[in-house]
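Summary of the model geometry
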Amino acid sequence: MFDYNIEDAQRILKSFDSVDLRFDDHMLDNWFERKINFDYVFNCLKNEMILSISKTSENRFKLIYPHEKLKTKDLYVIIEIDDFEKITVKTAYTFSKSRRQRENERK
């Protein structure tokens, strides 16, 4: 299994096609409760500027985007990339914007 780095992930995100995007069962099971807009997640992955990206494990990345509506929140999207550069959204959730800002201050 190929192990992608952050630069690989950014390249793949810039060029992926909608047929290369899948949503994990966990994401599908929790989307209503978490009030996640699938169209916005897709738009973020395809068009929005990533506020932060980090590698969490082999071929898994945490991406942070601005929240669709709330200025005090961020949207966290956890993705996994397979050997064929297909992207699976494992989960997505919102979190306070101040968390990201504190993490950036520590760096």
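The structure this text deals with has already been given above.
Residues numbered from 1 in each chain as written. Predicted model: local features only at pLDDT ≥ 70, side-chain atom pairs only at ≥ 80, totals over all residues. Heavy atoms only, no water.

The computed volume of the largest pocket comes to approximately 160 Å³. Along its surface, the largest pocket is lined by Q10, L13, K14, C44, L45, K46, N47, E48, M49, I50 and Y65. The element contributing the most residues to the lining of the largest pocket is helix α3 (residues 38-47), with four residues. Of the residues contributing to the lining of the largest pocket, the split by class is six nonpolar, two polar and three charged. (1 Å grid on protein atoms, 1.4 Å probe; cavity = no way out; pocket = protein on both sides within 12 Å on 5 of 7 lines; lining within 4 Å. Points joined across faces, edges and corners; volume = space filled by probe spheres on them. Helix = DSSP H or I, 4+ residues; strand = E, 2+ residues; numbered from the N terminus. Nonpolar A, V, L, I, M, F, W, Y, C, P; charged D, E, K, R; others polar.)

As a further point, take the pairing of strand β5 (residues 87-96). Across three bridges, the pairing between strand β1 (residues 21-23) and β5 is parallel. By the bridge assignment for β5, L21 is matched with I87. With nine bridges connecting them, strand β4 (residues 73-81) and β5 associate as antiparallel partners. The residue bridging L75 from the neighbouring strand is T94, located in β5. The hairpin formed by β4 and β5 contains five residues between the paired strands, and E85 there has a positive phi angle of roughly 65°. (Pairing = 2+ DSSP bridges.)

A separate point is the nonpolar core. Within the largest apolar cluster, 23 residues are counted, with the highest numbers of intra-cluster contacts made by L45, V77 and I79. Every element with two or more residues in this core is listed here: α1 (6-15), α3, β3 (60-66), β4 and β5. (Core = buried A, V, L, I, M, F, W, Y, C linked by side-chain atoms within 4.5 Å. Buried < 20%, exposed > 50% of the residue type's maximum accessible area, 1.4 Å probe, protein only.)

What follows concerns the side chain of S52. Position of S52 among the secondary structure elements: in strand β2 (residues 52-57). Apart from the residues lying within four places of it in its own chain, the contact partners of S52 are K62, L63, I64 and R100. (Contact = heavy atoms within 4.5 Å.)

With that settled, the discussion passes to the sheet that holds β4. Pairing in this open sheet of five strands is mixed, and the strands run β1-β5-β4-β3-β2 from one edge to the other. Each edge of the open sheet is held by one strand with a lone partner, namely β1 and β2. Averaged over all pairs of adjacent strands, the angle between their axes in this sheet comes to 35°, without regard to strand direction. Contacts from helix α2 (residues 25-34) reach β1 and β5, with the element oriented near 30° to β5. Of the strands in this sheet, β1, β3, β4 and β5 touch α3, which is tilted by about 70° from β4. (Axes fitted to C-alpha atoms, helices over the stretch in contact; angles between N-to-C directions.)

A side chain with one charge may pair with a side chain of the opposite charge, provided their charged atoms come close. In the structure shown here, the tally under the stated rule is five salt bridges. Among the salt bridges present, the one from D3 reaches K55, with a minimum N-O distance of 2.6 Å. Taken together, the residues span a long stretch of sequence, with D3 in the segment before α1 and K55 in strand β2 at a distance of 52 residues. By relative accessible area, which is 41% here, D3 ends up partly exposed. Overall, the relative accessible area of 34% leaves K55 in the partly exposed class. The closest approach of N and O atoms between D82 and R22, which form a salt bridge, is 2.9 Å. One end of the pair, D82, is in the loop between β4 and β5; the other, R22, is in strand β1, and 60 residues separate them in sequence. A relative accessible area of 22% means that D82 is categorised as partly exposed. (Salt bridge = Lys/Arg side-chain N within 4 Å of Asp/Glu carboxyl O.)

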